Amino acid sequence: MLGRGVAVALLASASPFALASTAMAQAAPAATDTLDEIIVTGVRASQQRSVDVKRNQTAIVDAISSEDIGKLPDVTIADSLQRVPGIQIRRDAGEGSTVNVRGLPQVITMLNGEQYLSAGNQGEAKPNLTDVPAQLMNAVVVYKSTETKNALSGISGTIDLRTRRPSDMPYGFSASGAVEGQTGKDTKEKDYLANGLLAYRGDRIGVLVSAAGSQSNLGNNYSGVAPGPGTGGLSGNNDWGGTAPNQFISPHGFESFKKETERDRLSVSGAFEADLGEGFTFLAEGFYTKMDEYNRAAGLNISNRWSGDAFGVWTKPTDSTPVSGSNWLAVDEYDIDAWWVNSFSVNRVNKSESKNYNAELKYDNGGPFKMEARAMRSDADRLSMNGQAQGDLSNWKYAPGRFTLFRDANDRTRGTFYPASIASTFPASRYTNNVVGSLGGRYVDPNPLGYGQNPQLHYDISGSSPVWSGFDRVISGGLGAGKTLTDYMANKDSYAIGAFSSEGNNEAKSDLNVYRIDTHYDFEEPLGGFLNKIDVGIRRADRSVSIEQFHLFSTFYQGKGVNAAGQPNTSGCSAQWKAIDVVMNQNQCQAGEFVRDPVTGQQVFQGYTVNAPTRLDTYNNVIWVDNMGSITKGIPGFWAIDPRDFDDPEAFHKKVFGGADRAIIPGQSYAVDLTEDSGYLNTTFEYGRLSGTAGLKIIRTELQVRQNITGDTLNYGDTNIDAGDVVSKRSYYDYLPAVNASYDVTDDLRLRFSYSKTMQPLDLLKYGGALKINTADDPGLGIRVVTSAEANGNPELDPWRADNWDAAIEYYIGDASMLNLAVFRMNIESYVVTRTTADGRYPDQDGVIRRTVNVTRPQQGEGGRVEGVEVGAKLSFKDFLDNDSFISNFGVDTNYTYSPSEQTLSSGKKLAFADNSKHQYNLIGWYQDDNFQARVAYNFRSKRLENTFKDFPVYQDTTQFVDVNLSYNVNEKITVYANGSNITGEIEDYFVEFAPGTTQYAWQNEYESRYTVGVRFKW
């Protein structure tokens, strides 16, 4: 863990001893006005540019230039940004995705100075840059203090993505490009990335087009608590009304899986510039991104089958530590009475597309008055579909002390029941009894070769990764005496489909229209002796977002059987879960027959089972899985469906079940219209060695939110009925002053200060999300019962608001060398916290309210803060040594950020803001001679808050990533290079902290190392 000596260590890291193990360069800050006019040729020049820009800017700004972008093993812009001081990123499948600035995700993303609409985060504030390729960017500027002239400013910062324009290029025709091959340590796929640029720049017009395309297959493994909503799948043994004297974590299940994420990207950027004469210039540009993503996972699930009866029963701590001051136990080892062991395959398919267009007219005839008029149109779409299946190993036969399918307590042979048309496809030996339904239906054994008792397993999480045991114990079942669970897992015929489903699907559509005029007036003589310039602008932005969350339902038994009243079933019944444990006897729709009651002999209704007994390979290809990475130990090999079969989940369900109908999830489907009218006045002043800007922005926000009313739960699924809409409207004003000032103590020593008020709208789900009621099967009652509820949004919540203070000191010690120290504080006036209260009273499936359940709601938070320190050193040894010295070819770019934060939970407990690491450190060393460049980057993040579980924090532990880049200039036009990303194979560890020093393992992610070789060319 980094401590107080980090600032000293930063300076010490510049020594030749540090360079012996690390050699690399970091992101370069960039100027707002002159950034695109500087041609960078090499890492040293890039660092010099960074130093010059930081010296010349009044605002607190950092940036990376085109020299840095793509020169490290950066696929996305987020990968590049992680090396900027104060920026923390999250990785998705090992690639950079979301970005925090100074500990908070409330960051505005702009494209060429205007709001950027990305398909990856249409409803969120946090920038999701997974689909933005690094190769198309000319620069990325990070504003850490508020610049009034910017279109928008985030609470903690603003990121401006800058694409290339014709005026950045040399006169005449020019072209450049790169081709590279990629592979992963585990996946070993032959991936590729290619990019190219063509440009023409004349005296009056310029045209540029650039494109990047890539395919990557990224390996990552998971082991731990079965993922779930809210607290990530964590639950306690006394949830759902348990009364055990000691509380301990007893989740619904544990999972281990191997996942490969395929990403196919295509991005195109184009620009046209024309000098119209008389001081007018015209610019038109577009930026297009498209990404198809397939998250293919296959693994093993060990669970309690989501049954409330299992709490306090299916897991038993065998090695634990009492948590001081509470009745909780921190568990190191469990005995597991596994109610369900099944292989599973899942594929989350995301297809996203965004288009951003900009037209701009500029006026500058060399006089004091300048003007820009701009119009922008953007739209984005994202469809996320899920396809999954379970390979069930149980034979579901009744035995005391094990979980079985729903069966008649008076005749345990009565389980899965099917119409004659299905039953007749099985031999008579598969019938479990001689009972025949009124229409010829029969009871069929669902999986005769499956195991016949609950497996008894052991789960040890005391070490660095989970260790499973017990698979070699002898277990009863259809394979006969002496067989172990390992034997059943190895036998393909011992699997039957437990369920097919397509859940949590999401379609998001968004558009944005912006119109703005900015004017500037430079005084020939300073007004009042100190005022040099005035900027005035107005802007209108209309943004609309619609989110539709849905499950796929399919209709079963159309024209077969009767309902519970004996009427012909003409239309069939619709089911979300195409499962072997779902019986069509619920209240809204029934399909089945009448059979004789085993006690009374009277005719009683028997519902059909939704899914017929289905082998694992009936509709699917199957794969053998025996390697889930280093973070899972003790699990033997098993069979699973190839997740590629669900590359088109909707098509699969239509092919197998004849239909795939969307059933809207009302609590997570909504529409938000957000209109912002703003105007600003900004001044530039200079008085002696003091200079800066001061301005005021006024924003009027109009908000219209459509929420859905949550109705009853649909039969044969976990989806509520949409019972109508509620539309809310509101408006509010924000007055946002901003001051940036700098004072030159000497020519090489500068002091900076800034103050601003900031406002940023919430994630739109916090406005639009309505009530979602969660249910589960109750075997005793034979119905779905309410287990919890989530109220995801509230249109009356206030936006994020904060007062921001910054101060910095910078010492310039050479053309490419400087030291800097910055302190910052954000007083968060309003934010949103998620709180859980035990006050939910909702009816179960039969209309009876039986219990009070927890309800999780967003609520207004107040009085939070984020504060910290940034320390940085950029050192080029040529500034201190003889140019002919070998050591003079080295350099260092290093920085450390200390950003503690605090928010208050409903219990009064104080925690850091989610996703914020208190410590972050970058050490980047580089070497450059006439032809060869080498860079090594080390990135450290201390633990960060993932979420909370019953007011206990769930943390991601410290992470350390190392990336390497080597390149060689064959000649002036051709460069060959090699990259290594995450070369140490970092593992993300997550744990629950009950008290300082008392923790429990929760889950792990393991990302593979990635390697690249390529060639760049230009002419």
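Residues numbered from 1 in each chain as written. Predicted model: local features only at pLDDT ≥ 70, side-chain atom pairs only at ≥ 80, totals over all residues. Heavy atoms only, no water.

Participant: What exactly am I supposed to notice about the overall build of the chain here?
Facilitator: For the chain, the count of helices and strands is eight helices and 53 strands. Its C-alpha radius of gyration of 31 Å places the chain within 12% of the 31 Å reference for a compact globule of 1019 residues. In terms of overall dimensions, the chain has a C-alpha envelope of 105 × 60 × 60 Å along the principal axes. The buried share among the 1019 residues of the chain stands at 60%. For the chain, long-range pairs separated by at least 24 residues make up 71% of all intrachain contacts whose partners lie at least 6 apart in sequence. Looking at the chain as shown, the accessible area adds up to about 37900 Å², and 52% of this sits on carbon and sulfur atoms. The averaged location of the 123 negative side-chain charges in the chain is 3 Å from the averaged location of its 96 positive side-chain charges. (Helix = DSSP H or I, 4+ residues; strand = E, 2+ residues; numbered from the N terminus. Rg over C-alpha atoms; globule rule 2.2 N^0.38 Å. Buried < 20%, exposed > 50% of the residue type's maximum accessible area, 1.4 Å probe, protein only. Contact = heavy atoms within 4.5 Å. Areas by Shrake-Rupley, 256 points an atom, 1.4 Å probe, with all protein chains shown as cover. Lys, Arg positive; Asp, Glu negative; His and termini not counted. Charge placed at Lys NZ, Arg CZ, Asp CG, Glu CD.)

Participant: How should helix α3 (residues 43–56) be read in this particular structure?
Facilitator: Turn by turn, an α-helix covers 3.6 residues, leaving residues three or four places apart pointing in a common direction. Over its 14 residues, α3 extends 20 Å from the first C-alpha to the last, a length consistent with the 20 Å expected when each residue adds 1.5 Å. The set of residues buried in α3 consists of V43, R44, S46, Q47, R49, S50, V51, V53 and K54. (Expected span 1.5 Å × (residues − 1).)

Participant: Explain the pattern of salt bridges to me, please; I cannot follow it from the model alone.
Facilitator: Two side chains with opposite charge may pair up if their charged atoms get near one another. Inspection of every chain in the model, using the stated rule, returns 56 salt bridges. E95 serves as the salt-bridge partner of R263, at 2.7 Å between the closest nitrogen and oxygen. Separated by 168 residues along the polypeptide, R263 in strand β11 (residues 253–277) and E95 in strand β3 (residues 95–101) bring together distant segments of the chain. The exposure class assigned to R263 is buried, which follows from its relative accessible area of 0%. Overall, E95 belongs to the buried group, its relative accessible area being 6%. Among the ionic pairs, R851 bridges to D844, the shortest N-O distance being 3.0 Å. A residue is classified by how much of its surface remains accessible, and R851, at 26% relative accessible area, is partly exposed. (Salt bridge = Lys/Arg side-chain N within 4 Å of Asp/Glu carboxyl O.)

Participant: What should I look at first to understand the state of the cysteines in this one?
Facilitator: Under the definition given, this model contains one disulfide. At a sulfur-sulfur separation of 2.0 Å, the disulfide partner of C573 is C589. Negative torsions about the S-S bond denote left-handed disulfides, and the value of about -85° found for C573 with C589 makes this one left-handed. Of this pair, C573 sits in strand β25 (residues 573–575) while C589 sits in the loop between β26 (578–579) and β27 (592–596); the two residues are 16 residues apart in sequence, bridging distant segments of the chain. On the basis of relative accessible area, C573 is assigned to the buried category, the value being 1%. (Disulfide = S-S within 2.5 Å.)

Participant: Is there a simple way to explain the environment of L696 in this structure?
Facilitator: Among the structural elements, L696 can be located in strand β33 (residues 690–713). L696 gets classed as partly exposed once you look at its relative accessible area, which sits at 36%. Separated by 433 residues in the primary sequence, L696 and R263 place their C-alpha atoms 43 Å from one another. Contact partners of L696, with chain neighbours within four places excluded, come to T148, G679, Y680, L681, Y735, L736 and P737.

Participant: Sorry, what's going on with the nonpolar core here?
Facilitator: With 91 residues, the main nonpolar core has I302, I336, W468, F471, M489, M584 and F638 as its most contacted residues. If one sorts the elements of this core by residue count, strand β14 (residues 329–337) sits on top with five residues. Beyond its immediate stretch of four places on either side in the chain, I336 contacts F254, I302, W314, T315, P455, Q456, L457, Y459 and W468. Counting 25 residues, the second largest nonpolar core, distinct from the first, contains L703, A802, I828 and V866. (Core = buried A, V, L, I, M, F, W, Y, C linked by side-chain atoms within 4.5 Å.)

Participant: How do you make sense of the packing of aromatic side chains when you look at a structure like this?
Facilitator: How two aromatic rings sit relative to each other is set out by the distance from centre to centre and by the angle between their planes. For the structure on display, the rule yields 44 aromatic pairs. Relative to F657, the ring of F556 lies with its centre 5.5 Å away and its plane at 55°, an arrangement referred to as tilted. Here F556, found in strand β24 (residues 531–556), pairs with F657, found in helix α7 (residues 649–657); they are 101 residues apart in sequence, far enough to count as distant. For the pair formed by F556 and F657, the shared burial category is buried. Their ring planes at 75° and their centres at 5.7 Å tell us that F594 and F605 sit as a pair that is edge-to-face. Residue F594 is found in strand β27, and its partner F605 is found in strand β28 (residues 603–607); the two are separated by eleven residues along the sequence. These aromatic residues form a ring-pair network of at least three members: F417, Y443, F500, F556, Y557, Y608, Y619, F646, F652 and F657. One cation-aromatic arrangement involves R412 over Y398; the distance from NZ or CZ to the ring centre is 3.8 Å. The cationic tip of K943 hangs over the ring face of Y955; the distance from NZ or CZ to the ring centre is 4.2 Å. (Phe/Tyr/Trp six-rings, centres within 6.5 Å; stacked < 30°, edge-to-face > 60°. Lys NZ or Arg CZ within 6 Å of the ring centre and 35° of its normal.)

Participant: Any chance you could explain the sheet that holds strand β17 (residues 417–418) here in plain terms?
Facilitator: Strand pairing in a sheet is mediated by backbone hydrogen bonds. Such pairs are either parallel or antiparallel. Spatial ordering of the open sheet is given by β17-β19-β18, a layout of three strands whose pairing is antiparallel. Across the chains shown, the open sheet's two edge strands, defined by having one partner strand only, are β17 and β18 (431–436). Where β17 and strand β19 (residues 442–444) come together, two bridges link them in antiparallel fashion. Note that in β19 the partner of F417 across the bridge is Y443. (Pairing = 2+ DSSP bridges.)

Such coordinate-based values are descriptive only and should not be taken to indicate function.
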